[in-house]
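The lines below spell out each chain.
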Amino acid sequence: MNFVSIVLGSKSDYEIMKHCTDTFEKFNVRYELIVSSAHRSSVRTKTYIKEAEEKGAVAFIAAAGMAAHLAGTLASITTKPVIGVPMKGGAMDGMDAMLSTVQMPAGMPVGTLALGKSGAVNAAYFTMQILAITDSELAVKLKEDRIVQAKKVETDSLEIEVLL
Ligand code: RP5
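These remarks concern the structure in this document. (Residues numbered from 1 in each chain as written. Predicted model: local features only at pLDDT ≥ 70, side-chain atom pairs only at ≥ 80, totals over all residues. Heavy atoms only, no water.)

It is worth spelling out the pattern of salt bridges at this point. Enumeration over the complete set of coordinates arrives at 5 salt bridges. Residue Asp22 pairs with Lys18 through a salt bridge whose shortest N-O separation is 2.7 Å. Within this pair, Asp22 and its partner Lys18 are both found in helix 1 (residues 14–26), separated by 4 residues, close to a single helical turn. Owing to a relative accessible area of 34%, Lys18 belongs among the partly exposed residues under this scheme. (Salt bridge = Lys/Arg side-chain N within 4 Å of Asp/Glu carboxyl O. Helix = DSSP H or I, 4+ residues; strand = E, 2+ residues; numbered from the N terminus. Buried < 20%, exposed > 50% of the residue type's maximum accessible area, 1.4 Å probe, protein only.)

This part takes up the site of the ligand. Residues in close proximity to the ligand include Gly9, Ser10, Ser12, Asp13, Arg40, Ala64, Gly65, Met66 and Met87, which together make up its full environment. Note that an oxygen atom of the ligand is positioned 2.6 Å from one of the side-chain N or O atoms of Ser10. At 3.0 Å from an oxygen atom of the ligand is found a main-chain nitrogen or oxygen belonging to Gly65. Protein chains bury 71% of the 360 Å² of accessible surface belonging to the ligand in isolation. (Near = heavy atom within 4 Å. Polar contact = N/O pair within 3.5 Å; in protein donor to acceptor, adjacent residues only side chain to side chain. Areas by Shrake-Rupley, 256 points an atom, 1.4 Å probe, with all protein chains shown as cover.)

Before going further, it helps to examine the nonpolar core. Ranked by internal contacts, the top residues of the largest apolar core, which has 23 residues, are Met17, Cys20, Phe24, Val29, Ile61, Met128 and Leu138. Listing elements by their share of this core, those giving two or more residues are strand 1 (3–8), helix 1, strand 3 (57–65), strand 4 (82–87), helix 5 (116–131) and helix 6 (136–160). Core analysis: the next-biggest nonpolar cluster, separate from the first, contains 19 residues, Ile34, Ala52, Ala64 and Ala97 among them. (Core = buried A, V, L, I, M, F, W, Y, C linked by side-chain atoms within 4.5 Å.)

Another point: the packing of aromatic side chains. Using the criterion set out here, one finds 2 aromatic pairs in the structure. For the pair Phe24 and Tyr31, a centre-to-centre distance of 6.1 Å together with 25 degrees between the ring planes defines the contact as stacked. The partly exposed category is assigned to Tyr31, whose relative accessible area is 26%. For the pair Phe27 and Tyr125, a centre-to-centre distance of 5.6 Å together with 75 degrees between the ring planes defines the contact as edge-to-face. Of this pair, Phe27 sits in the loop between helix 1 and strand 2 (31–35) while Tyr125 sits in helix 5, and the two are 98 residues apart along the sequence. (Phe/Tyr/Trp six-rings, centres within 6.5 Å; stacked < 30°, edge-to-face > 60°.)

What follows is the structure in structure tokens.
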């Protein structure tokens, strides 16, 4: 059965990426998650990607910080969509990870999202939007979610708005 594979470069990335798994759970999307580093466990990472594809992974999300080569490594192995989430931290507080993740050579794309919680949540949303192309039930859920988001803006405004 199809699923989304999430790979974290370190267990320390989990606190932020929990927002990604929470979002998949909210929409009942199957995922699996492992920690595997492009640098510290390169062989395990490469082996895992191939095994995950054989098991039915339809898209990959890679979260890594500092010299973030994890998403690029995944992209070099699979032709499934790879979404990269740069992690904050290190001497440059995530700018290093963002540039490492986004600056891929032509022909090896990584869809790179924002730093922090927004990037983690949007990794799930962006992946679901890809899945929804062929999953009409998920497409309906995403449209309903947009209505909920728009209504929340209005109720939030009501709590604090000052109109003349
Ligand atoms: C990266 O280095 C990881 O993805 C993490 O964001 C960062 C720091 O890793 P730890 O030293 O906390 O394991 O490879």
